[in-house]
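Coordinate inspection notes
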Amino acid sequence: MNIKPEEITSIIKKQIQSYESKIETVDSGTIIQIGDGIARIYGLDNCMQSELLEFPNKVYGMALNLEQDNIGCVLLGSEAGIKEGDIVKSTGMVVDVPVGEAMIGRVINSLGQPIDDKGPIITTETRPIEVVAPGVIDRQSVKIPLQTGIKAIDSMIPIGRGQRELIIGDRQTGKTAIATDTIVNQKGKNVICIYVAIGQKQSTVAHIYKSLTDVGAMDYTIIVSAAASDSAPLQFIAPYAGVTIGEYFMKKGQDVLIVYDDLSKHAVAYRTMSLLLRRPPGREAYPGDVFYVHSRLLERAAKLSDKLGGGSLTALPIIETLAGDMTAYIPTNVISITDGQIFLESELFNAGLRPAVNAGISVSRVGGNAQIKAMKQVSGTLRLELAQYRELAAFAQFGSDLDKESARRLEKGKRLMEILKQGQYAPYSIEKQVMILYAGVENHLSNIEVNDITKFEKGFLEFMDTHHAEVGKAIVEKKSLTDEIKTMLNASIEEYKKLFLAEK
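Now for a look at the structure at hand.

Cut-offs applied
Residues numbered from 1 in each chain as written. Predicted model: local features only at pLDDT ≥ 70, side-chain atom pairs only at ≥ 80, totals over all residues. Heavy atoms only, no water. Axes fitted to C-alpha atoms, helices over the stretch in contact; angles between N-to-C directions. Helix = DSSP H or I, 4+ residues; strand = E, 2+ residues; numbered from the N terminus. Left-handed = near helix turned anticlockwise from the far one by under 90°. Contact = heavy atoms within 4.5 Å. Phe/Tyr/Trp six-rings, centres within 6.5 Å; stacked < 30°, edge-to-face > 60°. Buried < 20%, exposed > 50% of the residue type's maximum accessible area, 1.4 Å probe, protein only. Lys NZ or Arg CZ within 6 Å of the ring centre and 35° of its normal. Polar contact = N/O pair within 3.5 Å; in protein donor to acceptor, adjacent residues only side chain to side chain. Parallel < 35°, antiparallel > 145°, perpendicular 65-115°, else oblique. Core = buried A, V, L, I, M, F, W, Y, C linked by side-chain atoms within 4.5 Å. Expected span 1.5 Å × (residues − 1). Arc of directions from axis to C-beta.

Turning our eyes to something else, we now look at the packing of helix H7 (residues 290–298) against helix H8 (residues 329–337). Interaxial distance between H7 and H8 falls to 10 Å at its minimum, and their mutual angle equals 35 degrees. For the pair H7 and H8, the sense of crossing is right-handed. The residues of H8 that touch H7, namely those facing Val290, Phe291, His294, Ser295 and Leu298, are Tyr329, Ile330, Asn333, Val334, Ser336 and Ile337.

A few words on the packing of aromatic side chains. What the rule picks out here adds up to 10 aromatic pairs. Ring geometry for Tyr248 and Phe249: centres 5.2 Å apart, planes at 80 degrees, overall edge-to-face. We note that Tyr248, like Phe249, is buried. Centre to centre, the rings of Tyr496 and Phe500 are 6.0 Å apart; their planes meet at 40 degrees, and the pair counts as tilted. With a gap of four residues between them, Tyr496 and Phe500 both fall in helix H16 (residues 483–503), about one helical turn apart. Here the two residues Tyr496 and Phe500 agree in accessibility, since each one is buried. Here the aromatic residues Phe456, Phe460, Phe463, Tyr496 and Phe500 are joined through ring pairs into a cluster of three or more. Taking NZ or CZ as reference, Lys151 lies 4.4 Å from the ring centre of Tyr428, over its face. Lying across the ring of Tyr286, Arg271 places its NZ or CZ 4.3 Å from the centre.

This part is about the side chain of Arg296. Take Arg296: it is sitting in helix H7. Classification of Arg296 as buried rests on a relative accessible area of 19%. Polar side-chain contacts of Arg296 include one of 2.8 Å to the side chain of Glu130. Apart from residues no more than four positions distant in its own chain, Arg296 is found in contact with Glu130, Phe236 and Tyr240.

Below, the discussion takes up the packing of helix H5 (residues 232–251) against H7. Between H5 and H7, the shortest axis-to-axis distance is 10 Å and the interhelical angle comes to 15 degrees. Relative to H7, the element H5 is oriented roughly parallel. In this structure, H5 crosses over H7, and the sense of that crossing is left-handed. Note on element contacts: H7 touches H5 through Val293, Arg296 and Leu297, opposite Phe236, Pro239, Tyr240 and Val243.

Turning our attention to the nonpolar core. Where a protein is soluble and globular, its nonpolar side chains tend to be buried together. Among the nonpolar cores identified, the biggest contains 74 residues, and Ile183, Ile342, Phe460 and Leu481 are the most heavily contacted of them. If one sorts the elements of this core by residue count, helix H13 (residues 430–441) sits on top with eight residues. Beyond its immediate chain neighbours, meaning those up to four positions away, Ile183 contacts Cys193, Tyr195, Leu212, Ala217, Tyr220, Thr221, Leu257 and Val259. Val74, Ile192, Tyr240 and Ala241 belong to the second-largest nonpolar core, a separate cluster that totals 60 residues.

Attention now goes to helix H11 (residues 382–396). Helical periodicity: at 3.6 residues per turn, an α-helix aligns residues three or four positions apart in one direction. The end-to-end C-alpha distance of H11, which contains 15 residues, comes to 20 Å, matching closely the 21 Å that a straight helix rising 1.5 Å per residue would cover. The complete set of buried residues in H11 reads Leu382, Glu385, Leu386, Tyr389 and Leu392. Buried positions in H11, seen along its axis, are confined to an arc of 130 degrees and lie on one side of it. Turned more than 90 degrees away from the buried face of H11 sit Leu384 and Glu391, all of them exposed. Buried residues belonging to H11 abut helix H2 (151–156), helix H10 (373–379), helix H12 (404–419) and H13.

Structure, rendered in structure tokens:
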């Protein structure tokens, strides 16, 4: 091989000319203890709260405890292969998740990575999972309804866009069913839905994904899943990741619905992390700031002012109670943060009243502001009549004789309770709800047998669709029951009643 000295000289000269004396400094620390998904790190003097730290094997962690001589950090991945003495690097960033339109229709984990075998999610923007909630000036009052499609809720416990409405009840009382029905009902209403599963079985999340896909709801829905098998830190950041993705759409002026299922497991995940980090325990062994953890999450739900685009983020947190105890620590905390609660009762569920909404304890603090006038007109006396029915039913079971008026109220109450029954994945449009509730409240069903109410309701709504579609259209357009619409409704109900009773 023939080597020319002038070639070697020119290469050396080029390298000398392009040489830059640049030193890259990286803030780093040393692991002094690791185990149970928690690492203690010595060094990292400039570390921030919630900063993302890089461990060996491309595993990341989140700094939570900034102590005098060390940092307590939770790992957002497997600790396999990481040992004491390893170097941890600072990234200078807080934990963030990718956001964008590409997320819609996908199932992702707490870090925004896809887990649905549909390939990578191509996004260009990321946002930190912890941001300050919109202030008082940046908001406007909640006044546009967010229809759930569930008669019992839209009539008595209405939800508005930008509201936080808690769904609370024992296990197996239909809490998730109400949330998924609400998602299904947003079809064609230009609302982006986000379902955050915290500590759920993977089979449960797969079932919800399949159910939403079957009814076409995944076209506008994102599922964020931190399964029961995931670590406590991943379960802890899941709802923050979900609301961050929701805020991206809200800031663009869109309406978003987010379901946290459920915050009881979220609190347990936070308790696990806190106790492992040696933070002092408080009531029920939860750390003292568990209230703040939920309040800073739920305060991010808002109806933004018109100046900021008028977008909204509506939150439906779910809390599981034990034996109906609403006075436990986490339930009372979340009740005090939210704008009302839908209380589901095991006794009602087992008695066949589904959704098992207890109208007496349930409340919406936004109330009639989030209802169209037509619904206000039919639901005005509904709650009162149901309360009277419950009282009379308690008397009647002792076999005491009732006067004529009490007997009439009891019979009417039975029929109203039947009307409020509804199957899953069968949301009602607002005009259909108004029509059937009007028939019940205005005593049109007194000569229909209680057992036939469900059959009557199905037939009546089909009859209205085929023969009197103009009534439903008029309710939607006017948003109020004018005398003219009432006359048409009364005539239609009586017309169908004759047909129904003749068939019997």
